[in-house]
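Coordinate analysis (summary)
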Amino acid sequence: MAELTASETLNYLIELLTSYLEECKEAKTTDKDRFAYGAKIAYTECLEIVQHWKNARFCGLDFNVEERYPL
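Residues numbered from 1 in each chain as written. Predicted model: local features only at pLDDT ≥ 70, side-chain atom pairs only at ≥ 80, totals over all residues. Heavy atoms only, no water.

Here the focus is the packing of helix H1 (residues 6-23) against helix H2 (residues 35-50). Relative to each other, H1 and H2 sit at 150°, their axes nearing to 10 Å. Here H1 is positioned roughly antiparallel relative to H2, judged by the angle of their axes. Along this stretch, H1 crosses H2, giving a crossing that reads as left-handed. On H2, the residues touching Leu10, Leu13, Ile14, Leu17, Thr18, Tyr20 and Leu21 of H1 are Lys40, Tyr43, Thr44, Cys46, Leu47 and Val50. (Axes fitted to C-alpha atoms, helices over the stretch in contact; angles between N-to-C directions. Helix = DSSP H or I, 4+ residues; strand = E, 2+ residues; numbered from the N terminus. Parallel < 35°, antiparallel > 145°, perpendicular 65-115°, else oblique. Left-handed = near helix turned anticlockwise from the far one by under 90°. Contact = heavy atoms within 4.5 Å.)

See the structure below:
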């Protein structure tokens, strides 16, 4: 993979984390295999941190992460 600028890296990270969260959207703490729920928590926290980037809303992160992916 070619080197990316900081902005390109954050865009990529937003797309990746959002995709991962869509995959484990239905994971719950009561599930037998809690790995997916732990991943959901980690992805949510990472996306919330990226949301502090001043351009996040222009890169598709213009929503409340915990409302869309409740824990």
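Here the focus is the packing of aromatic side chains. Taken as a whole and assessed by the stated rule, the structure comprises 2 aromatic pairs. Summarising the aromatic geometry, the rings of Tyr20 and Tyr43 are spaced 5.1 Å apart at their centres and angled 40° between planes, so their arrangement reads as tilted. On the criterion of sequence distance, the pair formed by Tyr20 in helix H1 and Tyr43 in helix H2 is long-range, its members being 23 residues apart. Using a relative accessible area of 30% as the deciding quantity, one classes Tyr20 as partly exposed. (Phe/Tyr/Trp six-rings, centres within 6.5 Å; stacked < 30°, edge-to-face > 60°. Buried < 20%, exposed > 50% of the residue type's maximum accessible area, 1.4 Å probe, protein only.)

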